[in-house]
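Residues per chain are reported as follows:
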Amino acid sequence: NNMNKFLEKLRPLSGSEAPWLPQDPVGMRQQLQEELEEVKARLQPYMAEAHELVGWNLEGLRQQLKPYTMDLVEQVALRVQELQEQLRVVGEDTKAQLLGGVDEARALLQELQSRVVHHTGRFKELFHPYAESLVRGIGRHVQELHRSVAPHAPASPARLSRCVQVLSRKLTLKAKALHARIQQNLDQLREELSRAFAGTGTEEGAGPDPQMLSEEVRQRLQAFRQDTYLQIAAFTRAIDQETEEVQQQLAPPPPGHSAFAPEFQQTDSGKVLSKLQA
C-alpha cells in the first residue's frame, strides 16, 4: 500500500499527462527522498533474506559440483603415477638393457613406446566416465537448484527459468571443453614421450643415458599433470563466476547497495520514475 501511494504521487512524472511542475520543487524532492527511504527500510529485510537464500542455494550448487572436480584431480594423479611406473627406466634391469648393446636398447625403447601408446589410451578410456559424470551432475544439480530457488527468487518464473537454462548450458559447455582439453593434453603427452623413446641410442656405440631419459619422462609427466590441474582449477573458478552472475540476476543486491539510493538531482523525470519503480 505504501508503495502504491508512493508511486501514485509520482504518476504526473510519467510524461503521459501534461508537463507538471511542483510549486515547491525542493520540498517535493525532499519529501520523495524521505518516502523512498521509508519504502527502502521496509523492503530491506525482504531483500536481504531473498539475497541470502538465493546465495545459499547457489553455494549449495558449488558444493555439489566440487566432488566431481575432485574426482577429476584424483584420476589425473592416479593415472600419471601409473604412467610413471610403467615408463620407469632407471631400474637395474632397464639400465642393463640400455647399456648392454644396440639391439637390447632398441628392443627396450620400442617396448616403452608401446607402453606409452597403451597407457595413454587407457588413461583416456578410464577418464571419460568421470568427465561424463560431471556433465550429468551439472544438469541434475542445476535442475535441483531451479526447484530450490523458485520459492525465494524475486525474479519472475520466466526469468528464473531462462537464467537457470543459461547457467546449465554454460557450465555444460565448459565441462565438455575441459574434457576435450585434457584429451588434447594426453595426445600431446603421448607424442612427446614417444619422441623421447624413438631412435634414442640405436646407433653403433651410442647408448642412451638412463638417468637423462628417466628425467625427461618425469618432466613431461609433471608438466602434463600441472597443466591439467590448472585447467581443472580454471573450470572451478568458472563455476564460481557463473553462479555469482546468476545471483546478481535473480536476487536484489544486499541492503545499502547504491542501486537503492537514487538521486533526485537529475532533470529527466522519466529516469527518476523508472529508477523509483525499480
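Residues numbered from 1 in each chain as written. Predicted model: local features only at pLDDT ≥ 70, side-chain atom pairs only at ≥ 80, totals over all residues. Heavy atoms only, no water.

So, the overall build of the chain
Item 1. When its secondary structure is counted, the chain shows 7 helices and 0 strands.
Item 2. The buried share of the chain, taken over its 278 residues, is 36%.
Item 3. Considering only contacts in the chain between residues 6 or more positions apart, those separated by 24 or more positions represent 85%. (Helix = DSSP H or I, 4+ residues; strand = E, 2+ residues; numbered from the N terminus. Buried < 20%, exposed > 50% of the residue type's maximum accessible area, 1.4 Å probe, protein only. Contact = heavy atoms within 4.5 Å.)

Describing the pattern of salt bridges
Item 1. Evaluation of the coordinates by the stated rule reveals 12 salt bridges.
Item 2. For the salt bridge of E215 with R218, the shortest nitrogen-to-oxygen distance reads 2.6 Å. One end of the pair, E215, and the other, R218, are both in helix α6 (residues 210–250), 3 residues apart, so they sit about a helical turn from each other.
Item 3. What makes R218 partly exposed here is its relative accessible area of 34%.
Item 4. Through salt bridges with shared partners, one network takes in E59, R62 and D240. (Salt bridge = Lys/Arg side-chain N within 4 Å of Asp/Glu carboxyl O.)

Some remarks on the packing of aromatic side chains
Item 1. Counted by the stated rule, this structure contains 2 aromatic pairs.
Item 2. Seen from their ring centres, F123 and F224 are 5.7 Å apart, and the 85° between their planes marks the pair as edge-to-face. Here F224 lies in helix α6 and F123 lies in helix α4 (residues 102–149), a separation of 101 residues in the sequence.
Item 3. A connected cluster of aromatic rings, assembled from ring pairs, spans F123, F127 and F224. (Phe/Tyr/Trp six-rings, centres within 6.5 Å; stacked < 30°, edge-to-face > 60°.)

Details of the side chain of T69
Item 1. In this fold, T69 is placed in helix α2 (residues 25–86).
Item 2. A relative accessible area of 6% means that T69 is categorised as buried.
Item 3. Excluding residues within four positions of it along the chain, T69 makes contact with I232, F235 and T236.

What to know about the packing of helix α5 (residues 157–197) against α6
Item 1. Across the interface, α5 lies against α6 with an axial gap of 10 Å and an inter-helix angle of 175°. In terms of axis orientation, α5 runs roughly antiparallel to α6.
Item 2. Grouping the constituent residues of the contact of α5 with α6 by class yields 22 nonpolar, 5 polar and 10 charged. (Axes fitted to C-alpha atoms, helices over the stretch in contact; angles between N-to-C directions. Parallel < 35°, antiparallel > 145°, perpendicular 65-115°, else oblique. Nonpolar A, V, L, I, M, F, W, Y, C, P; charged D, E, K, R; others polar.)

A short note on the nonpolar core
Nonpolar side chains tend toward joint burial in soluble globular proteins.
Item 1. Grouped together as the largest cluster of nonpolar side chains are 48 residues, with contacts concentrated most on L87, I138, F197 and L250.
Item 2. Where this core is concerned, the elements lending two or more residues are α2, α4, α5 and α6.
Item 3. The element best represented in this core is α4, accounting for 13 residues.
Item 4. Excluding residues within four positions of it along the chain, L250 makes contact with V54, V149, A153, P154, A155, L160 and C163. (Core = buried A, V, L, I, M, F, W, Y, C linked by side-chain atoms within 4.5 Å.)

Quick notes on the side chain of E82
Item 1. Mapped onto the secondary structure, E82 falls in helix α2.
Item 2. At a separation of 2.6 Å, a polar atom in the side chain of E82 contacts the side chain of R122.
Item 3. Filtering out sequence-adjacent residues up to four positions away, E82 remains in contact with H119 and R122. (Polar contact = N/O pair within 3.5 Å; in protein donor to acceptor, adjacent residues only side chain to side chain.)

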